[in-house]
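Structural overview for review
Chain by chain, the residues:
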Amino acid sequence: MRYRFCPACGETLRRRELEGRERLVCSECGFVHYENPVPAVGVVVVDDGQFLLVKRKYPPRQGMWSLPAGFMEVDETPTETAVREAREETGLDVRVGPLLGVYAGDDDPRVRVVLIVYGAEIVGGKLVAGDDAEDARFFPVSKPLPEMAFASHCRVLQEAARQVKQGKSR
């Protein structure tokens with residue numbers, strides 16, 4: 001979010017060098033707008049040698065594929081976000097497994113993201129696209145990925161595919 005006015009006192013914010021970076025600062029009250037990345041959480045579900053992906057229903061990157069993933073809410077832990085997003089986007093209930101990694105997401109036009117990714121296994125539900133997904137389906141690990149929405153999701157799946165091919169479970 002780009003502020004023009006100070007949320008504390010209403011004065012115009014000005015760009016200023018502070019702490020080695022250019023930041024928006026209020027000359028009246030001293031408020032500093034720190035532009036920090038937003039946490040997002042995704043899951044890698046591998047079932048019978050196939051990855052679970054969702055087709056994006058809305059911009060950005062509408063019609064492209066991604067991991068079941070989304071932004072963390074203020075009252076959630078990362079694992080709670082993983083379970084919620086999987087359920088909302090795929091109709092499946094998952095059990096969150098190991099942390100697979102943390103990735104910089106710098107190609108989302110809305111915001112810079114820190115993507116936290118867990119392995120997960122299906123424990124219930126029925127596969128059906130929901131929420132902001134227009135489709136949800138499995139793709140073979142051994143085949144090329146469909147057109148992916150985010151580079152970080154590609155990196156995650158490339159790493160996961162190597163693990164699956166080496167016989168290490170996810």
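Summarised in this report is the structure supplied together with it. Fair warning: this is a prediction, and the values are worked out from it, not measured in the lab.

**As for the overall build of the protein**
For the protein, the helix and strand inventory stands at two helices and ten strands. In the protein, the succession of helices and strands from N to C terminus is β-β-β-β-β-β-β-α-β-β-β-α. Counting only C-alpha atoms and orienting by the principal axes, one finds that the protein spans roughly 60 × 30 × 30 Å. Taken over 170 residues, the protein has a buried fraction of 38%.

**Structural notes on the pattern of salt bridges**
Between side chains of opposite charge, a pair can form as their charged atoms come close. Going through the model one piece at a time under the given rule, you end up with eleven salt bridges. Across the pair Glu19 and Arg23 runs a salt bridge whose closest N-O atoms are separated by 3.4 Å. By relative accessible area, which is 53% here, Glu19 ends up exposed. The salt bridge partner of Glu85 is Arg84, with a shortest N-O separation of 2.8 Å. Residue classification places Glu85 among the buried positions, given a relative accessible area of 6%. What you see here is one network of salt bridges that share partners, running through Glu76, Arg84, Glu85 and Glu88.

Definitions and limits used
- Note that residues are indexed from 1 along each chain, following the sequence as it is written.
- In view of the model being predicted, local features appear only for residues whose pLDDT reaches at least 70, and side-chain atom pairs are presented and counted only at 80 or more, with totals across whole chains, interfaces and linings using the full set of residues.
- Neither water nor hydrogens contribute to the side-chain values; these are computed over all heavy atoms in the structure.
- The helix count covers DSSP runs of H or I at least four residues long, the strand count covers runs of E at least two residues long, and both are numbered beginning at the N terminus.
- The cut-offs for exposure are 20% and 50% of the maximum accessible area for each residue type, with area from a 1.4 Å probe on protein chains only; residues under the lower value are buried, those over the upper are exposed, and the others partly exposed.
- One speaks of a salt bridge when a side-chain nitrogen belonging to Lys or Arg is within 4 Å of a carboxyl oxygen belonging to Asp or Glu.

Shape descriptors only; they carry no functional weight alone.
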